[in-house]
Structures are given as structure tokens and as C-alpha cells.
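Summary of structural features
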Amino acid sequence: GSQTGVISAAERLVGLLKGRGKDSGGDAEILGPVPARIPRLRGQHRWNVILKTKRAEEAVSLLKACLADFKRPSGVRVAVDVDPL
């Protein structure tokens, strides 16, 4: 997708994460959106949203709920990268 489309989608996802995180009473910390370390790769714009939790189950539950409600614009992909550290 276009850079503005990707940024807009990332901002909407952050809004969903923050709203659901507050509603659930969890300790989730949402950072971003920010440009990826490599902001453009193979012609695709990339932005990062970082979700930090103390319990992996909380992150999975929050992500599932938000991604179920997230209406992804045409040409925008969402990838989840799990880093246990």
C-alpha cells in the first residue's frame, strides 16, 4: 500500500490496541507506530507497532480481539513477529 495508507492503518491498529488494552485492565504497553528499521523493502512501506506485556497469553488475546475488528485497507498487510525476549 501507499505510505499514507500504511501509516493510517498502523494508527488505527494502535487505537484498537489501546482501547481494548484499557478495557481488559491488562498491563499492555503499546509503542508506535514508527517507521521500521528498513522503512521500505521490495517497494513496500513498513511501519512497526510494538506490543509489550508481561504474559504472552495477554498479548495473544489482545491481538486476536483487535485483528478481528481491524478492517485492513486494500494493499496493506499485517504481520505479527513474536519475540519472547
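Quick notes on the rules
Residues numbered from 1 in each chain as written. Predicted model: local features only at pLDDT ≥ 70, side-chain atom pairs only at ≥ 80, totals over all residues. Heavy atoms only, no water. Patch = residues over 30% accessible without salt bridge, like charges linked within 9 Å, V, L, I, M, F, W, Y side chains within 5 Å. Areas by Shrake-Rupley, 256 points an atom, 1.4 Å probe, with all protein chains shown as cover. Salt bridge = Lys/Arg side-chain N within 4 Å of Asp/Glu carboxyl O. Helix = DSSP H or I, 4+ residues; strand = E, 2+ residues; numbered from the N terminus. Buried < 20%, exposed > 50% of the residue type's maximum accessible area, 1.4 Å probe, protein only. Contact = heavy atoms within 4.5 Å. Pairing = 2+ DSSP bridges.

The grouping of Leu67, Val78, Val80 and Val82 at the surface amounts to a nonpolar patch, some 340 Å² of accessible area in total. Tracing the backbone through its elements, the reader meets Val78 in the segment after helix 2 (56-69).

As a further point, take unusual backbone geometry. Note that the residue after Gly32, namely Pro33, is joined by a cis bond; omega there is 10 degrees. With respect to the helices, strands and loops of the structure, Pro33 is situated in strand 1 (residues 29-41). In this structure, Arg42 is a non-glycine residue whose phi angle is positive, near 50 degrees. Assignment of secondary structure puts Arg42 in the loop between strand 1 and strand 2 (44-52). By relative accessible area, Arg42 is classed as exposed at 75%.

With that out of the way, let us pick up the environment of Phe70. Topologically, Phe70 is positioned in the segment after helix 2. Phe70 gets classed as buried once you look at its relative accessible area, which sits at 10%. Each C-alpha atom of the pair Phe70 and Gly5 lies 14 Å from the other, and the pair is 65 residues apart in sequence. Beyond its immediate sequence surroundings of up to four residues, Phe70 is in contact with Ala9, Arg12, Leu13, Leu16 and Val78.

Note: strand 1 against strand 2, seven bridges, orientation antiparallel. By the bridge assignment, Glu29 is partnered in strand 2 with Lys52. Counting the residues that bridge the hairpin from strand 1 to strand 2 gives two residues, and of these Arg42 lies at a positive phi of roughly 50 degrees.

What follows deals with the pattern of salt bridges. Applying the stated rule across the entire model yields two salt bridges. Taking the shortest distance from any N to any O, the salt bridge between Arg20 and Asp69 comes out at 2.0 Å. Here Arg20 is found in helix 1 (residues 3-24), whereas its partner Asp69 is found in helix 2, with 49 residues between them in sequence. A relative accessible area of 34% places Arg20 in the partly exposed class. A salt bridge links Glu58 to Arg55; the shortest N-O distance between them is 3.9 Å. For Glu58, a relative accessible area of 9% corresponds to the buried category. By relative accessible area, which is 48% here, Arg55 ends up partly exposed.

Function cannot be inferred from these measures alone, as they are strictly geometric.
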